[in-house]
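The primary structure of each chain is shown beneath.
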Amino acid sequence: MSSIRNILAIADKELRSTFASPIAYIIIGLFALLFGWFFYVFLTIFVRQSEQMMQFGGGASPNVNQQMIRYVLQNAAIIILFVMPMITMRTYSEEKRSGTIELLLTSPLTDFQIIIGKFLGALGLYVAMLFVTLLYMSILFVYGNPEWRPVAAGYLGLILMGGCFISVGLLISSLTKNQIVAGFLTFAVFLMLWVISWIGESSGPTARAVVTYLSIVDHFEDFARGVIDTKHVIYALRHAGRRQRRRRARDPGCDQLPRIQAQQAVGSDRGQTVLVVGPDPKSAAGASEARADQGVRRLRRLRPLPRAAR
Amino acid sequence: MIEVQHITKRYGRVTAVDDVSFRVERGEILGFLGPNGAGKTTTMRILTGYMPPTEGRANVAGFDLFNQPIEAKQRTGYLPETPPLYPEMTVREYLDFVARIKGVPSRERKDRVNAVMERTRVADMTDRHCSKLSKGYRQRVGLAQALIHNPEVLILDEPTAGLDPKQIMETRDLIRGLGGDHTIVLSTHILPEVAQTCQRVIIINKGRVVAVDTPEALTARLKGAETMFVQLDAGGEDAAPALAAIPGVTRVGPADERTTHGAFEVESDRGTDVRREIARAVVTRGWGLLELRPMRMSLEEVFLQVTTEEIPEETRSEQHP
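The structure contained in this document is the topic of the report that follows. Please read all numbers here as calculations on a predicted model, not as lab measurements.

In terms of regular secondary structure, chain A is built from 14 helices and two strands. In chain A, which comprises 310 residues, the proportion classed as buried is 47%. Residue pairs at least 24 apart in sequence account for 77% of intrachain contacts in chain A once pairs closer than 6 positions are excluded. Split by element, the accessible area of chain A, about 15700 Å² in all, is 65% carbon and sulfur.

With that settled, the discussion passes to the environment of Leu290 of chain B. Residues and elements named next belong to chain B. Relative to the assigned elements, Leu290 resides in strand E14 (residues 289-295). Along the primary structure Leu290 and Gly142 are separated by 148 residues, whereas in three dimensions their C-alpha atoms are 52 Å apart. Leu290 has contacts with Gln231, Leu232 and Asp233, leaving out every residue within four places of it along the chain.

All right, on to the packing of aromatic side chains then. In this structure the tally under the stated criterion is 12 aromatic pairs over all chains. For the pair Phe38 of chain A and Phe42 of chain A, a centre-to-centre distance of 6.4 Å together with 20° between the ring planes defines the contact as stacked. On the criterion of helical spacing, the pair formed by Phe38 of chain A and Phe42 of chain A is a turn pair, its members being four residues apart in helix H2 (residues 22-55). Measuring from ring centre to ring centre gives 5.8 Å for Tyr86 of chain B and Phe97 of chain B, while their planes differ by 75°; the resulting arrangement is edge-to-face. Of this pair, Tyr86 of chain B sits in the loop between strand E6 (76-79) and helix H3 (91-101) while Phe97 of chain B sits in helix H3; the two residues are 11 residues apart in sequence, bridging distant segments of the chain. Residue Tyr86 of chain B is classed as buried on the basis of its relative accessible area of 4%. A relative accessible area of 5% places Phe97 of chain B in the buried class. An aromatic cluster is present here, built from Phe31, Phe35, Phe39 and Tyr136 of chain A joined pairwise through their rings. Taking NZ or CZ as reference, Lys118 of chain A lies 5.2 Å from the ring centre of Tyr92 of chain A, over its face.

Their axes nearest at 9 Å, the elements helix H1 (residues 2-20) of chain A and H3 of chain B cross at an angle of 155°. With respect to H3 of chain B, the axis of H1 of chain A lies roughly antiparallel. Relative to H3 of chain B, H1 of chain A is oriented so that their crossing is left-handed. Counted together, Arg5, Asn6, Leu8, Ala9, Ile10, Asp12, Lys13 and Arg16 of chain A of H1 of chain A and Glu93, Phe97, Arg100 and Ile101 of chain B of H3 of chain B form the full contact between these two elements.

Time to look at a nonpolar patch on the surface. Residues and elements named next belong to chain A. Taken together, the side chains of Ile26, Leu30 and Leu33 present a nonpolar region at the surface, about 310 Å² in accessible area. Topologically, Leu30 is positioned in helix H2. Judged by its relative accessible area of 45%, Leu30 falls in the partly exposed class.

This part covers the pattern of salt bridges. In a structure, side chains of opposite charge can pair up when their charged atoms sit close to one another. According to the stated counting rule, one finds 21 salt bridges over all chains in the structure shown. The partner of Asp12 of chain A in a salt bridge is Arg100 of chain B, with the nearest N and O atoms 2.9 Å apart. Within this pair, whereas Asp12 of chain A is found in helix H1, its partner Arg100 of chain B is found in helix H3, the two belonging to separate chains. With relative accessibility at 26%, the residue Asp12 of chain A sits in the partly exposed group. A salt bridge links Glu158 of chain B to Lys40 of chain B; the nearest nitrogen and oxygen atoms lie 3.9 Å apart. One end of the pair, Glu158 of chain B, is in the loop between strand E7 (153-157) and helix H6 (165-178); the other, Lys40 of chain B, is in helix H1 (residues 40-47), with 118 residues separating them in the sequence. Judged by its relative accessible area of 11%, Glu158 of chain B is buried. In the salt-bridge network here, residues are joined through shared partners; they are Lys13, Glu14, Glu95 and Lys118 of chain A.

Residue and element names in this part refer to chain B. In spatial order, the strands read E6-E7-E8-E3-E9-E10; together these six strands make up an open sheet with mixed pairing. Of all the strands in the sheet, just E6 and strand E10 (208-213) have a single pairing partner and so form its edges. With strand direction ignored, the average angle separating the axes of adjacent strands in the sheet is 15°. The pairing of E7 with strand E8 (residues 183-188) spans five bridges and is parallel. Bridged to Ile155 within E8 is Val185. In the packing of H6 onto the sheet, the strands contacted are strand E3 (29-33), E7 and E8, and the crossing angle to E8 comes to about 150°.

Turning our attention to the interface of chain B and chain A. Many analyses report the size of an interface as the accessible area lost when the parts associate. Facing the 27 residues of chain B at the interface are 25 residues of chain A. Together, the buried faces of chain B and chain A total about 2200 Å²; carbon and sulfur atoms form 60% of this surface. Of all residues in chain B, Tyr50, Arg100 and Ile101 of chain B bury the most surface against chain A, accounting for 29% of the area lost on that side. Scanning the region where chain B abuts chain A turns up two salt bridges. Inspection of the chain B/chain A interface yields seven residue pairs in polar contact (both at pLDDT 80 or more). In terms of residue count, H3 of chain B provides more of the side of chain B that touches chain A than any other element does, six residues in total. In terms of residue class, the side of chain B that touches chain A is made up of 14 nonpolar, seven polar and six charged.

Before going further, it helps to examine the packing of helix H5 (residues 135-147) of chain B against H6 of chain B. Between two packed helices, what matters for the description is the angle formed by their axes and the separation of those axes. Residue and element names in this part refer to chain B. Following both chains from N to C, one finds H5 and H6 inclined at 10°, their axes separated by 11 Å at the closest point. As judged from the angle between their axes, H5 and H6 are roughly parallel. Taking contact as the criterion, the partners of Gly136, Arg140, Leu143 and Leu147 in H5 are, on H6, Gln167, Glu170, Thr171, Leu174 and Leu178. Residues that form the contact of H5 with H6 fall into these classes: four nonpolar, three polar and two charged.

Moving on, we come to the sheet that holds strand E1 (residues 2-11) of chain B. Residues and elements named next belong to chain B. Spatial ordering of the open sheet is given by E2-E1-E4-E5, a layout of four strands whose pairing is antiparallel. Strand pairing shows two members of the sheet lacking a second neighbour, strand E2 (14-24) and strand E5 (63-64), which therefore form its edges. The pairing of E1 with E2 spans seven bridges and is classified as antiparallel. Note that in E2 the partner of Ile7 across the bridge is Val20.

So, how was this worked out
- Residues numbered from 1 in each chain as written.
- Chains lettered and ligands numbered in written order.
- Predicted model: local features only at pLDDT ≥ 70, side-chain atom pairs only at ≥ 80, totals over all residues.
- Heavy atoms only, no water.
- Helix = DSSP H or I, 4+ residues; strand = E, 2+ residues; numbered from the N terminus.
- Buried < 20%, exposed > 50% of the residue type's maximum accessible area, 1.4 Å probe, protein only.
- Contact = heavy atoms within 4.5 Å.
- Areas by Shrake-Rupley, 256 points an atom, 1.4 Å probe, with all protein chains shown as cover.
- Phe/Tyr/Trp six-rings, centres within 6.5 Å; stacked < 30°, edge-to-face > 60°.
- Lys NZ or Arg CZ within 6 Å of the ring centre and 35° of its normal.
- Axes fitted to C-alpha atoms, helices over the stretch in contact; angles between N-to-C directions.
- Parallel < 35°, antiparallel > 145°, perpendicular 65-115°, else oblique.
- Left-handed = near helix turned anticlockwise from the far one by under 90°.
- Patch = residues over 30% accessible without salt bridge, like charges linked within 9 Å, V, L, I, M, F, W, Y side chains within 5 Å.
- Salt bridge = Lys/Arg side-chain N within 4 Å of Asp/Glu carboxyl O.
- Pairing = 2+ DSSP bridges.
- Buried area = accessible area lost by both parts, 1.4 Å probe.
- Polar contact = N/O pair within 3.5 Å; in protein donor to acceptor, adjacent residues only side chain to side chain.
- Nonpolar A, V, L, I, M, F, W, Y, C, P; charged D, E, K, R; others polar.

Take a look at the structure:
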């Protein structure tokens, strides 16, 4: 109870201080502008395509979700990659520079409460930023007839991806007193996590699997299509766990980390089940069944031996 | 109330605090004295749970700092060297936030914030942003922050730094008023401050405790000998040997290197008053005695002596009371 109260106090303070400074408004404003630009571009392309299809009398009607929203959200993910360092870079660096970290660390708060509080604070600003873009989406719903579920999945994906970015950003911010260093390092790491998938395309199957798993943006692509693959959810959650590590190292008395890792390991073995929320053009049914089968097979392997066999 | 046992803190190869032990009783005001870089701040940071020591244990308000840090922190107020203010918050918002994270129940929060602002005299700056406060007000808001949850133990790192003389007086009065109800550890390098506010002093140098005592006893104890200042108007070369010949005098030296004319420092055994003999010796030789006064060792000299030289063995043994 008091732990939740402490977390909320920190999150509240984080949000207040970002909104008290111009940073929040600049970030939200610029993001809305860039998102609006991509929205406009892909909408024009989509309108032109559907006009052409009507002229030539194509059979299937064009799909807004797959031919437009998907690309808008994918590009939004790239913008977020650039914007996010600005949200996270100051969280710890600023406190360390000004000495307020001494207040937090000498207050009756656990490291966990401070970290989660700061995470929620940053996530709050991020969600506010995404909330503005719903305005654009509502235009589609007013004038067209898109499926809402893939859009919701897309936004869930954006939030989970944002959570990954934030946790990496917080980790980096906790390493330095200098905001610029934190911001640039965060940006470099994000960019690396994105472009790492390009290497994967030209290498062997194992390397490709590893590299694709590491790439944040690749994880998001299914979400943008409207597919919630638990593999990606696990990736996001595991990333959220990563930022704990540094704190743990400082506080050897705490043994929570190994347990979290164990849970994650089991989770990712099971995590091959695929939930299809919206229409998936690449016949998600076939692919996902195959993946689900794989998962079941792995599960069987994990199941404990029957009593008689022991 | 506070018990520190053999605390050592090393940063890589540098030892900031080296085997420090001390106790502070309930209601006591303890002064932590030392030159810059002596390890005062490091020791205080360890006591507040900001960082763990490399070795040793500490107990604050009955709770072991390493096994029950949350309980210990609930009972500790801390004013770091630079007051930990959030520039974008107003004074009231800031104190309210601190009250929240220190666990003050929401019903009492408003009253506590008001009471503390009254006590530290920042009530006229309630709605001012922390970034716009003067150094004196920043320091006082920092003190208000440390008092907000009415802690049993107060740890103040240079509480009067950056204040003007009037504010220094007010802050010292405030701290003296807090003693009794609260156990206070304060660090400073201003010596009169220790003499005025503290009941006990720990002198720390290069990470080691070099002396622990009351300010008065410390002054007396370190005075190994009585010293007289003597100024003559004549005598020249003969003066020093003449003074040295007086029974009870152990050493005669020039008082000041700049004014060598007839000024001497005359040391004698402790408890022996040689003024009468000096006066007689001077007058019988027909010289004029211009000045004769005892030289008291001020706390400044004590401090310089303990932090620059080896100190007598009897003082060292006071380390672990």
